[in-house]
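As a plain string of letters, each chain reads:
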Amino acid sequence: MDDMDILAIKAHLARRVAAIDWRAGPARLAPELEGIRIAAEQHQLLPVVTVVQSLGCAIGRGERGVLVHDWLGLLGEAVASGAQDEATSRAFAAACAVRLAA
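All figures in this text were calculated on a predicted structure; none of them were measured in a lab. (Residues numbered from 1 in each chain as written. Predicted model: local features only at pLDDT ≥ 70, side-chain atom pairs only at ≥ 80, totals over all residues. Heavy atoms only, no water.)

> What exactly am I supposed to notice about the packing of helix H1 (residues 3–19) against helix H2 (residues 26–42) here?
Two elements in contact, H1 and H2, have axes whose closest approach is 11 Å; the angle formed by their N-to-C orientations is 165 degrees. Put simply, H1 runs roughly antiparallel to H2. For the pair H1 and H2, the crossing hand works out as left-handed. Residues Leu 13, Arg 16 and Val 17 of H1 form the contact with H2, whose participating residues are Glu 32, Gly 35, Ile 36 and Ala 39. Among the residues forming the contact of H1 with H2, the class breakdown is four nonpolar, one polar and two charged. (Axes fitted to C-alpha atoms, helices over the stretch in contact; angles between N-to-C directions. Helix = DSSP H or I, 4+ residues; strand = E, 2+ residues; numbered from the N terminus. Parallel < 35°, antiparallel > 145°, perpendicular 65-115°, else oblique. Left-handed = near helix turned anticlockwise from the far one by under 90°. Contact = heavy atoms within 4.5 Å. Nonpolar A, V, L, I, M, F, W, Y, C, P; charged D, E, K, R; others polar.)

> How should the pattern of salt bridges be read in this particular structure?
Within this structure, the stated rule accounts for four salt bridges. Close ionic contact of Glu 41 with Arg 37 constitutes a salt bridge, the shortest N to O distance being 2.6 Å. Remark: Arg 37 and Glu 41 occur in helix H2; sequence separation between them is four residues, near one turn of the helix. Take Arg 37: its relative accessible area is 16%, and that puts it in the buried class. Note that Glu 63 and Arg 61 form a salt bridge whose closest N and O atoms lie 2.6 Å from each other. (Salt bridge = Lys/Arg side-chain N within 4 Å of Asp/Glu carboxyl O. Buried < 20%, exposed > 50% of the residue type's maximum accessible area, 1.4 Å probe, protein only.)

> Help me understand unusual backbone geometry in this model?
Glycine aside, the phi torsion of most residues is negative, and most peptide linkages are trans. Of note, Gln 44 is a non-glycine position whose phi angle comes to about 55 degrees, a positive value. Secondary-structure assignment places Gln 44 in the loop between H2 and helix H3 (46–60).

> Help me out: how do you make sense of the environment of Gly 76 in this one?
Its location among the elements puts Gly 76 in helix H4 (residues 66–80). Here the alpha-carbon distance between Gly 76 and Gly 25, two residues 51 residues apart in the chain, equals 19 Å.

> Whenever I open this one, the nonpolar core confuses me. Can you help?
Generally speaking, nonpolar side chains in soluble globular proteins are found buried as a group. Counting 26 residues, the largest nonpolar core has Leu 33, Val 48 and Leu 75 as its most contacted members. Elements supplying a minimum of two residues to this core: H1, H2, H3, H4 and helix H5 (86–101). In contact with Val 48, other than residues within four places in its own chain, are Ile 36, Ala 40, Leu 75, Ala 78, Val 79 and Gln 84. (Core = buried A, V, L, I, M, F, W, Y, C linked by side-chain atoms within 4.5 Å.)

Here you go:
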């Protein structure tokens with residue numbers, strides 16, 4: 001896959017993240033997040049997968065409202081990241097762990 005394909009996929013995922021209504025509640029968020037996770041896995045966007053999984057955990061433990069909005073901001077950062085490798089995924093995982101511990 002060339003750089004143009006990755007840029008198109010990242011642009012598509014960025015639009016999907018931006019379109020999520022974070023006030024909609026878990027039942028409406030879950031399918032959209034799952035779609036983003038699947039697309040990210042297919043294209044080996046590891047930080048995106050990491051953040052989606054952590055966001056799912058956060059929602060599962062009861063985070064709602066503005067906290068979810070903040071998580072979606074981190075997801076947007078993962079999509080926009082120039083590096084989509086394992087090391088970057090670990091850095092995003094660490095950021096997620098800090099948020100989950102808060």
